[in-house]
Every structure is written in structure tokens, then in C-alpha cells.
Amino acid sequence: MPRSILALGLALFALPAAAQGTFVSAQSGTWNTSATWTLTAGSDADGLPDADDDVTLAAGHTVTLDVAATVETMTVASGATLAPSGNVTLTVEGTITNRGTLQRSAPYSSLWILAKGDVANYGTWTPWGTNLGGTGPQRLTQGAGAPFQGDAFDLGPEARPVAASDLAFSVYWLNLKGRTLEMGPHTLSLGATIYRSVNGDPGDGGAYGALRFAGGALYGDPANAPILGRLRVEGTVTLRGTIRLSPSNDRAEDVTFAGDISIGSPDDRSAVLSANEGCYCAAWPTFEGSLTNYGTISKVPYSGFGLRIAGDIANYGTWNPEETLLVGSTTQTLTQGPGAPFAGNTFEFSPGASAAARSDLAFTSPVRLRGGTLNVGPHRLSLAGGNNWTSMDGDPGDGGGSAGGPYGALTFDGGTLWGDPARPPQLNRLFVQGGVNLKGTVYIAPSNSHDVDWVRFTGDVAVGSFTDDTAVLTATPGCYCSARPTVEGDLVVTGSLPRVAYSGFEVTVLGDVVNAGDISPNSLTVGGRYTAVTGSTLAPYSITIGGALASAVTDLADEATWPVLKDLGELRVGGLDVSGLVL
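Here the structure is a predicted model, which means the values were calculated and not measured.

Participant: Requested: an account of the overall build of the chain, with residues and values cited.
Facilitator: Within the chain, the regular secondary structure consists of two helices and 70 strands. Considering the chain as a whole, with its 583 residues, one finds that 52% of them fall into the buried category. By sequence separation, contacts in the chain at least 24 residues apart represent 44% of the contacts at least 6 residues apart.

Participant: So what's going on with the confidence of the model for the chain? Which residues, and what values?
Facilitator: With 84% of its residues at a pLDDT of 70 or more, the chain has an overall mean of 86. Within the model, the stretch residues 1-17 combines pLDDT values under 50 with one contact to residues more than four positions away or in other chains. Segment residues 573-583 is flagged for pLDDT under 50; beyond a separation of four residues in sequence, or across chains, it makes 25 contacts in the model.

Participant: Could you give an account of unusual backbone geometry, naming the residues involved and the relevant values?
Facilitator: In this model, arginine 429 sits at a positive phi of 50°, which is unusual for a non-glycine residue. Positionally, arginine 429 belongs in the loop between β50 (426-428) and β51 (430-433). With phi around 65°, tyrosine 502 is a residue other than glycine that occupies positive phi space. Turning to its location among the elements, tyrosine 502 is positioned in the loop between β59 (496-498) and β60 (504-509).

Participant: Before we move on, could you go through the packing of aromatic side chains and cite the residues and values that matter?
Facilitator: Following the criterion strictly, the structure yields 14 aromatic pairs and no others. Between tryptophan 319 and phenylalanine 342, the ring centres sit 5.1 Å apart and the planes meet at 80°, which makes this aromatic pair edge-to-face. Taken as a pair, tryptophan 319 in strand β38 (residues 318-320) and phenylalanine 342 in the loop between β40 (332-336) and β41 (346-349) lie far apart in primary sequence, 23 residues in all. Tryptophan 319 gets classed as buried once you look at its relative accessible area, which sits at 1%. Look at phenylalanine 342 and you get buried, because its relative accessible area is 0%. Judged by centre distance (5.0 Å) and plane angle (75°), the ring pair of phenylalanine 347 and phenylalanine 363 falls under edge-to-face. Placement of phenylalanine 347 in strand β41 and of phenylalanine 363 in strand β43 (residues 361-363) is noted, with a sequence separation of 16 residues between them.

Participant: Talk me through the pattern of salt bridges; I want residue IDs and the actual numbers.
Facilitator: Pairs can form between side chains of opposite charge whenever their charged atoms are close. A complete count under the given rule lists 12 salt bridges for this structure. In this structure, arginine 104 engages aspartate 151 in a salt bridge whose closest nitrogen and oxygen atoms are separated by 2.0 Å. With arginine 104 in the loop between β11 (101-102) and β12 (105-106) and aspartate 151 in strand β18 (residues 148-155), this residue pair connects regions lying 47 residues apart in the sequence. Residue classification places aspartate 151 among the buried positions, given a relative accessible area of 10%. Between glutamate 348 and arginine 370 there is a salt bridge, and its shortest N-O distance comes to 2.8 Å. In this pair, glutamate 348 is assigned in strand β41 and arginine 370 in the loop between β44 (367-368) and β45 (373-377), connecting sequence segments 22 residues apart.

Reading the values: rules and limits
- Residues numbered from 1 in each chain as written.
- Predicted model: local features only at pLDDT ≥ 70, side-chain atom pairs only at ≥ 80, totals over all residues.
- Heavy atoms only, no water.
- Helix = DSSP H or I, 4+ residues; strand = E, 2+ residues; numbered from the N terminus.
- Buried < 20%, exposed > 50% of the residue type's maximum accessible area, 1.4 Å probe, protein only.
- Contact = heavy atoms within 4.5 Å.
- pLDDT = per-residue confidence, 0-100.
- Phe/Tyr/Trp six-rings, centres within 6.5 Å; stacked < 30°, edge-to-face > 60°.
- Salt bridge = Lys/Arg side-chain N within 4 Å of Asp/Glu carboxyl O.

Following this line, the structure appears as C-alpha cells:
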């Protein structure tokens, strides 16, 4: 035999076998009845579709699957129906295309589809369950308004599904079982009727699954919001609609967003991300990339909801989880739109974390720096407290004494620190670095320890400005101990430093002091020069000035040019008691 003929014969022998026959339904009937079928091409021994046959259900026909069956390809024409009799499975080795109806169930019956090739749905897909059992990439395609429905849509142990269009699922369970659904730039729409819509595995300790996007969108039906659990969401994706996250007592159901995430968009601010409510445990998603919010991040009744974020953060919507935790290994940037504060129960830094403002920032929840640094720069930092408790501190520690947590730092470069006068924030265990202008009302945390200055300003400080004399810096009232802030630079006051009821307020300034307002703490120690502007008030119980005194005129004995002095017990200048010269 010539070698060329032998080689051709071997090559033909190595080719995969083509479908043996092509069957088209001839009428409505049961699958396992030969009268239901017409063989339109090829040959077949028993007149019934087999594993190597192509099968089409023609329009107008209802074929009832009464036995487990396997075919090479399956096409359901528009107007055709595949219905079950008993609990039966149709296995499709190649492509399944549905333009008609895959019926979910009949009394005491259910239909299961095991698809090993590409899947395309343009009709009604409602079998009891669908399983992707392929070992290579399987393309999933849908027409508009043709979601995958049913009780369960499962991925097999080697499945590699790839979206070839936008996809929609309205199933009780979309079980990825440790596999990845490649969505690319497409939109994945989810609805839930009972419980999770996407998870790694419903079993105890099952593997995490993954949704992988490349600029696509994940949409949750607001009327039937899906619940995500045991899942990684990879790549750049926009969340739309309403997405709920599964809480867990041990964080085993956590969801990780491994790329850059946007909740809503500038032209769609209706998106909502929250925990599933009523679970009496907490959802703690992790964001490894950036998080930009245009919609709503919201806590819910009877379930905790905290965010772990490693990347940059931008908020232009409603930010109200229970907790926000910054966990980045490098400096994270924070950006806000007008009227979009960071709210919730707490906003915390992991130990040593750092962040930098890219805009003015506002917090209506307590901020715990835990030894970290927030670089505000030239921007405005607005804080609100309430209940006389901490709004900005290094660490809540043990609530007092020098044994508490590490000091945090706010770094300014000519920026503003504003405290809400209706809900003044309390500063605690904090370094305020660089030049800063204090406005509104700011409290300093008192301490029982006489040698502890809970707040130290390492640069120059202005309390108020020459166009704003309403600023107040004082101790938190009602604590029965003293606040002892230190200013390492110069202090300029056009507002006020008043003492308060039932808390001491002892101010130390290492630099110069210029008083154009009201300085009346319990005590004032000035390391440099004290200068008073006519009309200002100086009313501590005791004053110690290490440098020189100056006023509108330099004659110390001319009381008419001095600021108003009241209730003064002691005035020392350069260690010399000069009280008698001005009283």
C-alpha cells in the first residue's frame, strides 16, 4: 500500500467521529418512542436519538423526556417544548440551543440539563437544574429577556464557562463550586428568590468561586436582590441595582473584590451594596483594589456590615456601613464629593496604615487612626462627634491613662480642621502635624494622668480667623479630669479657648501666642512671647509666660491697653510674678 494512502487512512481514523444521525421531532410525544422522531440525515439502528446524534425539536411539538438521554447537539425551536416525566437528565455533549421552552417540572417530575458544550438561550430556560460539565471553555450566550432560570445552575469540577453576551440568572442557587465564570466586558444580572445567587459551594467549607470581569457590570434585581457568598469578584466591575452580601459568624462567607470596583456611576446613583439583613452576624467584604461609590453602602437591621479596603477610596454617594477599615500596605487616597461624608459606626485604620486626602473630607462617625496617619494637606477635614466620645483618635485603648493604644497623626499643610458645633468631635491620642486652622468647635479629651498630653499640635495653630471669630477649642465637658493639649509652634486665637464645667483645660504653647479673641482655660503656659490685640480677653486662673509680654502699647503698667483680665490668680513672666502690675 502506498505510504500516502496509509497516512491518509490513519489521519481519517484519528479524526473525532461526526454525529451518526440527525433527528427532528415528527410530532408531540415521548422521547423514547420512535414515532416521535424523523431521521433526516445519517443512519440509526433503533430510530431513537443517541449520544452521537443531532436532535431538533420542531415548532409546535412538546416532547416529554421519559428516560435519561444523551445527544451530541440539541436544538429547541421557537414554539417547541421539552418537558420531563419523572426525574430525568438530558446530557448534551456538544452545543445546546434553546429558542423554545425547557420546562422546569411537572407533577412528581423534574428536568435536569447536563451541558458539556456551548449553551445558547433565546427562549424560556426553566429546567429544575442545569449543570455545566465541560472540560474546556464553554460559551454562554443569551438573547434579550431570556435568563437562565430554575432551582440551580451548577458548574462542574472542570467547567470553564465564558460569557459571549450579557447574561442573566434568576435561580435559587448559582453554584460556582470553586470554578470561574469569565464575564469579560459583559453584564451579569442576578435575581434571587430564596437564598444565595452566587457562591463557591453551598456545602460546609466549599471552595470559593470567582466572577472575572474586564470592565463589565454586576447587576442585582432590587425587587429580588441576590446574595453573594464565598466568592471572589475579579477585575474591573461596576455594581448596579441591589447586591447583598452573606453574613457569617466566622467570616467564612466573605466576598473579596479583587479589582477596582465602582458602586453605581455618575449617571446611575441607585446602586446599593449591603449585608443580607436579619442574620445576627456580620458580612465583611474585602476590596483589594480601589472602591468608588456613587450609590449607597448601607448597614441593615440585625446584621453587621464592615468593609476592609486596601486601595483608594472615593465617595460621591451615601457611605453608611457599620465599620470601614483601611488595610492598605501603601498610602491610600481618600476623595469625597460635596455632601458625601464617611458615616457609619466607625472609620478605622489598621495598625500603621496611612491615607492622604485628595479633596476636602468629612466624617460623621468616629475615626480611629490606631497609630496611622491621615495626611489632610491643604484641604478641610470636617468632623462630627456626639455623646461626648471620640471622633478622632489614635486608638480607643483602655479609655484612659497612658497605657492605651498608640498615637495617630493628622498632617496638615495650611488646611482646616472643623468640628461640628452641634456635635463637637473629641480629639484623643493624636499628633496634629503642620500648620492648621481650627474652626467650628473642637473638644480635647481629658485624662486622669497629669503627665499625659492626649493631643499635641506640632506646628502653628490658628483658632478661628480674622473673618471668623466663632471657633472654639476646649476640653470635653463633664469628665472630672483635665485636658492638656500642647502646641509646639505658635498659637493665634481669634475665636476662643474657654474652660468648661467639670473638666480642667490646661493649655501649653511652646512658641508665641497672639490673642485677638478669648483665651480663658484653667491655665495657660506660653514658652515664647505673648501678644494681645486690644479688645481680646485673657482669663485663665493662672498664666505663665516664658518670653516677653507685648500689647497694643508696650507699657505693662498701662492697664487700659491690656486685654480684659478677670478671675486671674497668677501671672508670671519669665518666672517673675507680675500680677500686681496689672490687677
